[in-house]
Amino acid sequence: MHQLFIRFIIASTMLLADFTQAKDGQSTIAVVVAEQQNIASLNLSTKNLNLIYWRKQLFWPKGIRIQPVNLGSEHPLRIQFSQTVLGSLPKKQVDYWNGQYFNGVLPPHSVDSEEAVLRYVSQTKGAIGYIDACALDARVQAVLWIKNGQLSRQAPIFSCP
Amino acid sequence: MKKLIILCSSLASLLTLCKPVLADDEPHWSDGVGIGGYSSAGLIVGRDQPAKAALNEVSLLLTWNGNSRWSFFGELEFEDPVSWNDNQRFRSYHSGLDLERLYLDYNFSEKVNLRVGRFLTPNSRWNLLHAPPLVWTSTRPLATSQLFPTGTNGAMVFGAIPYRDGAFEYQVFAELLEDQEIDGDELEYIHVNGARFSFKNRSDIGISFLSFNEKAIGRDYRMIGLDFVTHVKETEISGEAFQRFDTQNQDGGSGAYLQTAVPLNRLGLNNWYWITRLESFQRPDTGAAERWLVGATWRIKPSQLLKLEFTGGSGNHPESPRGFLTSFALLF
């Protein structure tokens, strides 16, 4: 009985930990577009988010230019997003972006805070960004989610402090 | 006169673009315009030629990405504006303006884009990223400049298709207009057609096909090329190989290189890289040559490189001098 109780406590603790934060202190990330945006018209999938942030896909299906926004290269959410979606750390992408610059393509616009992402996305036509899922508010809507290194369309279970 | 016209129009464009921007401005055609460029300067103490110091080039990049599906890109290069060598002292008479690239893109979708104008022939990774601040060495592998046309005037269809956690990319192109002006040391090609297919993931791998006529020797060639870049731990490994065939499927020239860039962080030299490269090259008219290169490159900033290298090998090719070379390159 005593062992069963200890196992229950351990299992509950692990489950709770999973609810609040992903592994290794990682956050649940929401990929967001403006609140008024018709999500179906974007035809956004887990695969083409990668193309958008490598600036290989420049337009939404209806011809509006995509305006992706990044957090600063040292921001923990940027590092988590970059590893999951682009498969590398921001500092490892310098050569790629220098090469793109040489061909006239600039990297996504970069801002310093999640509030700045919210403002940019809500006020810029065609914008897409990402924030901690707990920072979601009425100005934006989530289109994709990142948790435990996985990108998905389904909202994961998460809780906020 | 032509140079003066290009210079004046470039300055006029710059002045237009530098107008003050006010917060309440209405959208303007110049929104989405970007100007940048790159430059490099270096010193060659060559085995086969007099020592030479030069400002190698100043290149201006002009981009326009409006709110439509159209975009524009241009690169104007001021080649060899100032140089000095042991025999001739200061000189600048070889300098010249060169329109490296000038094209319009139209985006139908991410899978289908149309490009019309002058663009870099997309059959070699080095050729597509040949700017000095983007490459580890001052010299360019012979195989990437002496076997095929480096630029094409024509049309290209290109796009990217997501595949697993990477992207498959393609470029199919054809020459529509022959080069109107050939530099003194440039090989002339006509009837250029080709395609490139690449996959970008943790590694980049590409294969290209090209057909063309080399005007000076009046022969048709087909060429296949392979290229890759990958990272093993922190070391960058890259290489390319090209093989040309004539119309009788006989060897029409070939070349390859393999290069590594090893970070020297463990030796306490942060942002220094040890570079090694081996090259082979042969053309029916000039014969075979080999090159080896060892050197060190310091990435001072992400956009600035200082390169020191020593090159040896067989065959005298002025495009790839043997000896000691150093250069500084920056993007701006």
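Only a predicted model underlies this, so the values are computations on that prediction, with no experimental measurement involved.

1. Concerning the interface of chain B and chain A
Here is step 1: The interface is formed by 41 residues belonging to chain B together with 23 residues belonging to chain A.
Here is step 2: Carbon and sulfur atoms supply 54% of the area buried between chain B and chain A, which totals about 2,400 Å² over both sides.
Here is step 3: Of all residues in chain B, Arg69(B), Glu110(B) and Lys200(B) give up the largest surface area on contact with chain A, accounting jointly for 20% of the area buried on that side.
Here is step 4: Inspection of the region where chain B meets chain A yields three salt bridges.
Here is step 5: Residues Glu234(B) and Lys92(A) are paired through a salt bridge, measuring 2.5 Å at the closest nitrogen-oxygen approach.
Here is step 6: There are eight residue pairs in polar contact (both at pLDDT 80 or more) connecting chain B and chain A.
Here is step 7: If you list the elements that add at least two residues to the side of chain B that touches chain A, you get strand 1 (33-46), strand 2 (52-65), strand 3 (70-85), strand 5 (96-109), strand 7 (151-163) and strand 8 (166-175) of chain B.

2. Quick word on the sheet that holds strand 6 (residues 150-152) of chain A
Residues and elements named next belong to chain A.
Here is step 1: Taken in spatial order, the six strands of this open sheet run 3-2-4-1-5-6, and their pairing is mixed. Of all strands in the sheet, those with a lone pairing partner are strand 3 (109-111) and strand 6, marking the two edges. On average, adjacent strands in this sheet sit at an angle of 30° to one another, irrespective of strand direction.
Here is step 2: Alignment of strand 2 (residues 67-71) against strand 3, held across three bridges, turns out to be parallel. Bridge pairing in strand 3 links Asn-70 to Ser-110.
Here is step 3: Sitting on the sheet, helix 4 (residues 76-86) is in contact with strand 1 (29-34), strand 2, strand 3, strand 4 (127-132), strand 5 (140-147) and strand 6, with an inclination near 115° to strand 4.

3. Thoughts on the pattern of salt bridges
Residue and element names in this part refer to chain A.
Here is step 1: Summed over all chains, the structure comprises 20 salt bridges over all chains.
Here is step 2: Residues Arg-139 and Glu-115 are paired through a salt bridge, measuring 2.9 Å at the closest nitrogen-oxygen approach. You can see Arg-139 sitting in the loop between strand 4 and strand 5 and its partner Glu-115 sitting in helix 6 (residues 114-123), a full 24 residues away along the chain.

4. Notes on the environment of Pro61(A)
Here is step 1: Position of Pro61(A) among the secondary structure elements: in the loop between helix 3 (46-53) and strand 2.
Here is step 2: Pro61(A) sits in the partly exposed class, given a relative accessible area of 44%.
Here is step 3: Once you skip the residues sitting within four places of it in the chain, Pro61(A) turns out to touch Ser41(A), Leu42(A), Asn43(A) and Arg69(B).

5. Focus on the pairing of strand 5 of chain B
All names here are of chain B.
Here is step 1: When strand 3 meets strand 5, the two strands line up antiparallel, connected through ten bridges. Considered in strand 5, the bridge of Glu-75 is made with Arg-101.
Here is step 2: Bridge count between strand 5 and strand 6 (residues 112-120): seven bridges; the pairing is antiparallel. Each bridged residue has a counterpart across the sheet, and for Asp-105 the counterpart in strand 6 is Arg-115.
Here is step 3: Counted between consecutive antiparallel strands, the loop separating strand 5 from strand 6 contains two residues.

6. Quick word on the side chain of Asn50(A)
Here is step 1: The residue Asn50(A) is located in helix 3 in this model.
Here is step 2: The exposure class of Asn50(A) is buried, given its relative accessible area of 5%.
Here is step 3: Polar side-chain contacts of Asn50(A) include one of 3.2 Å to the backbone oxygen of Val85(A).
Here is step 4: When sequence neighbours within four positions are dropped, the list of residues in contact with Asn50(A) reads Val85(A), Leu86(A) and Asp165(B).

7. Considering the packing of aromatic side chains
Here is step 1: For the coordinates displayed, the defined rule picks out 21 aromatic pairs over all chains.
Here is step 2: Geometrically, the ring pair formed by Trp54(A) and Tyr96(A) is edge-to-face, given 4.6 Å between the ring centres and 65° between the ring planes. Remark: Tyr96(A) occurs in helix 5 (residues 94-102) and Trp54(A) occurs in the loop between helix 3 and strand 2; sequence separation between them is 42 residues.
Here is step 3: For Trp54(A), a relative accessible area of 8% gives the class buried.
Here is step 4: The buried category is assigned to Tyr96(A), whose relative accessible area is 15%.
Here is step 5: For the ring pair Tyr106(B) and Phe108(B), a centre distance of 4.9 Å and an interplane angle of 75° mean the geometry is edge-to-face.
Here is step 6: Ring-pair connections join several aromatic residues into one group, and the members of that group are Tyr53(A), Phe81(A) and Tyr130(A).
Here is step 7: In this structure, Arg244(B) packs its charged tip against the face of Tyr221(B), placed 4.1 Å from the ring centre.

8. A short note on the confidence of the model for chain A
Here is step 1: A residue-level look at chain A finds 84% of positions with pLDDT of 70 or above and a mean pLDDT of 85.
Here is step 2: In this model, residues 8-23 of chain A is a region of pLDDT below 50 whose contacts with residues beyond four sequence positions or in other chains number eleven contacts.

9. Focus: unusual backbone geometry
Note on backbone geometry: most residues besides glycine have negative phi, and most peptide bonds are trans.
Residue and element names in this part refer to chain A.
Here is step 1: With a phi angle near 60°, Arg-55 is a residue other than glycine that sits in the positive phi range.
Here is step 2: Turning to its location among the elements, Arg-55 is positioned in the loop between helix 3 and strand 2.
Here is step 3: At Asn-148, a residue that is not glycine, the phi angle is positive and equals roughly 55°.
Here is step 4: Tracing the chain through its elements places Asn-148 in the loop between strand 5 and strand 6.

What counts and how
- Each chain has its residues counted from 1, running along the sequence as written.
- Note on labels: chains are lettered from A, ligands numbered from 1, in written order.
- Only residues with pLDDT of at least 70 are given local features in this predicted model, and only at 80 or more are side-chain atom pairs given and counted; all residues enter the totals for whole chains, interfaces and linings.
- Heavy atoms throughout the structure, all of them, feed into the side-chain values; hydrogens and water do not.
- Whether two residues are in contact is decided by their heavy atoms: any pair within 4.5 Å suffices.
- Values labelled buried area give the accessible surface lost by two parts on being combined, using a 1.4 Å probe and summing over both.
- Any carboxyl oxygen of Asp or Glu that lies within 4 Å of a side-chain nitrogen of Lys or Arg is treated as forming a salt bridge with it.
- Residues adjacent in sequence count toward polar contacts only when both atoms are side-chain atoms; beyond that, a polar contact is any pair of N or O atoms within 3.5 Å, and within protein one must be able to donate a hydrogen and the other to accept it.
- What counts as a helix is a DSSP run of H or I of at least four residues, what counts as a strand is a run of E of at least two, and both are numbered from the N terminus.
- When DSSP finds two or more bridges between a pair of strands, those strands are recorded as paired.
- Working convention: axes come from line fits to C-alpha atoms, limited for helices to the stretch in contact. Angles between N-to-C directions cover 0 to 180 degrees.
- Three exposure classes are used, based on accessible area relative to the maximum for each residue type with a 1.4 Å probe and protein chains only: buried under 20%, partly exposed in between, and exposed over 50%.
- Centres within 6.5 Å make a pair out of two Phe, Tyr or Trp rings, where for Trp the six-membered ring is used; the pair is then stacked when the planes are under 30 degrees apart, edge-to-face when over 60, and tilted otherwise.
- We call a charge positioned above a ring when the Lys NZ or Arg CZ atom is no farther than 6 Å from the ring centre and deviates by at most 35 degrees from the ring normal.
- The pLDDT value expresses, per residue, how confident the predictor is, ranging between 0 and 100.

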